[in-house]
Amino acid sequence: MTAHFRSGPSRSPGLHDDSYPERGLLFGKRAMNSLEQAEDLKAFERRLTEYVSCLQPATGRWRMILIVVSVCTATGAWNWLIDPDTQKVSFFSSLWNHPFFTISCITLIGLFFAGIHKRVVAPSIIAARCRTVLAEYNMSCDDTGKLILKPRPHIQ
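Predicted model only: the values in this text are computed from it and were never measured.

### A look at the overall build of the chain
Here is step 1: When its secondary structure is counted, the chain shows 5 helices and 2 strands.
Here is step 2: When the helices and strands of the chain are placed in sequence order, the string is α-α-α-α-α-β-β.
Here is step 3: For the chain, the residues scored as buried account for 23% of the 156 residues in total.
Here is step 4: For the chain, the computed accessible surface area is about 12,200 Å², with 64% contributed by carbon and sulfur atoms.

So, in structure tokens, the structure goes:
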């Protein structure tokens, strides 16, 4: 099997390619008219709302898991604390006597090490990062990914 090499300078396809006219703006080849800009903004907004809405089911499941494990841990901690034998035996013996609390506490700690605190707020993190980038273009977005166009600042 022989390899075929192109002669001449190597260039990445797409950036200078005329088959992608929307990328010509990067190199000043042509300016986009307002219709193309509006279409690009609508496409960006659709993609952002799609991405945020796809995160919602997983985020809801992670929130439910966190709530259930937190309630189990709180219930186990309450039972552990009101047990009169807890004060009489060593710490590890009291944990051994209360396996529900021990297992739920270990599970909660494991979930936090696995990053559940980031997963339950993932759409908010994405929206906040988009707001940071969009602020440079006098735009923002809400938590669902809908774009908010701000008025242009008046230069005097």
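So much for the structure itself; the text now carries on.
### What about the packing of helix α1 (residues 34-82) against helix α5 (residues 122-134)?
Here is step 1: Interaxial distance between α1 and α5 falls to 8 Å at its minimum, and their mutual angle equals 155°. Considering the angle they form, α1 stands roughly antiparallel to α5. Facing Phe44, Leu48, Tyr51, Val52, Leu55, Gln56 and Thr59 of α1, the residues of α5 in contact are Ala122, Pro123, Ile126, Cys130 and Leu134.
Here is step 2: For the contact of α1 with α5, the residue count by class is 10 nonpolar, 2 polar and no charged.

### Comments concerning the environment of Ala58
Here is step 1: Along the chain, Ala58 falls in helix α1.
Here is step 2: A C-alpha to C-alpha distance of 8.2 Å links Ala58 and Arg119, two positions 61 residues apart in sequence.

### What about α1?
Here is step 1: With 49 residues, α1 should reach 72 Å at 1.5 Å per residue; the first-to-last C-alpha distance of 69 Å fits that figure.
Here is step 2: Along α1, the helix axis deviates most sharply at Gln56, where the bend reaches about 30°; the proline Pro57 sits within four residues downstream.
Here is step 3: When we look at burial in α1, the residues that qualify are Leu48, Thr49, Val52, Leu55, Thr59, Leu66, Val69, Thr73, Gly76 and Trp80.
Here is step 4: Packing partners of the buried residues in α1 comprise α2 (91-97), α3 (99-113), α4 (116-119), α5 and β1 (139-141).

### Some words on the state of the cysteines
Here is step 1: All told, the structure shown has 0 disulfides when counted by the stated rule.
Here is step 2: Counting only cysteine sulfurs, Cys130 is the nearest neighbor of Cys141, a cysteine outside any disulfide, at a range of 5.1 Å.
Here is step 3: In this structure Cys141 comes out as buried when scored by relative accessible area, which is 3%.

### Remarks on unusual backbone geometry
Here is step 1: Positive phi is not limited to glycine here, since Asn138 has a value of about 55°.
Here is step 2: Tracing the backbone shows Asn138 in the loop between α5 and β1.
Here is step 3: Residue classification places Asn138 among the partly exposed residues on the basis of a relative accessible area of 28%.

### What about the UniProt feature "transmembrane region" (unreviewed entry) in the chain?
Here is step 1: UniProt tags residues 64-82 and 94-116 as "transmembrane region" (unreviewed entry).
Here is step 2: Helix makes up 100% of residues 64-82 and strand 0%, with an end-to-end C-alpha separation of 27 Å.
Here is step 3: The distance from the first to the last C-alpha atom of residues 94-116 is 28 Å, and the span holds 87% helix and 0% strand.

### Thoughts on the environment of Leu66
Here is step 1: Residue placement: Leu66 occurs in helix α1.
Here is step 2: For Leu66, a relative accessible area of 17% corresponds to the buried category.
Here is step 3: For the pair Leu66 and His117, spaced 51 residues apart in the sequence, the C-alpha separation amounts to 8.8 Å.
Here is step 4: Beyond its immediate stretch of four places on either side in the chain, Leu66 contacts Leu108, Phe112, Ile116 and Val120.

What counts and what doesn't
Along each chain, residues carry numbers from 1 onward, in the same order as the chain's sequence is written. Given that the model is predicted, a residue must reach a pLDDT of at least 70 before its local features are reported, and side-chain atom pairs must reach 80 or more before they are shown or counted; all residues, however, enter totals for whole chains, interfaces and linings. Values shown for side chains rest on all heavy atoms present in the structure; no hydrogens or waters enter the calculation. By the criteria applied, helices consist of DSSP H or I runs no shorter than four residues and strands consist of E runs no shorter than two, each listed in order from the N terminus. Remark: exposure states derive from per-residue accessible area (1.4 Å probe, protein chains only) relative to the maximum for the residue type, with buried under 20%, exposed over 50%, and partly exposed in between. All accessible areas in this document rest on Shrake-Rupley with a 1.4 Å probe, and a residue is counted as covered only by the protein chains that are shown. Axis definition: a line fit to C-alpha positions, over the contact stretch in the case of helices; interaxial angles, taken between N-to-C directions, run 0 to 180 degrees. Between 65 and 115 degrees an angle is taken as roughly perpendicular, under 35 as roughly parallel, over 145 as roughly antiparallel, and anywhere else as oblique. Any pair of residues with heavy atoms lying within 4.5 Å of one another is described as a contacting pair. Gly is placed with the polar residues, together with every amino acid not listed as nonpolar (Ala, Val, Leu, Ile, Met, Phe, Trp, Tyr, Cys and Pro) or charged (Asp, Glu, Lys and Arg). A helix's residues, less one, multiplied by 1.5 Å, set its expected span. To obtain the bend at a residue, axes are fitted to the seven residues ending there and to the seven starting there, and the angle between these axes is taken. To count as a disulfide, a pair of cysteine sulfur atoms needs to be within 2.5 Å. UniProt positions are given in the numbering used here, feature names are shortened, and annotations may be inferred rather than shown by experiment.

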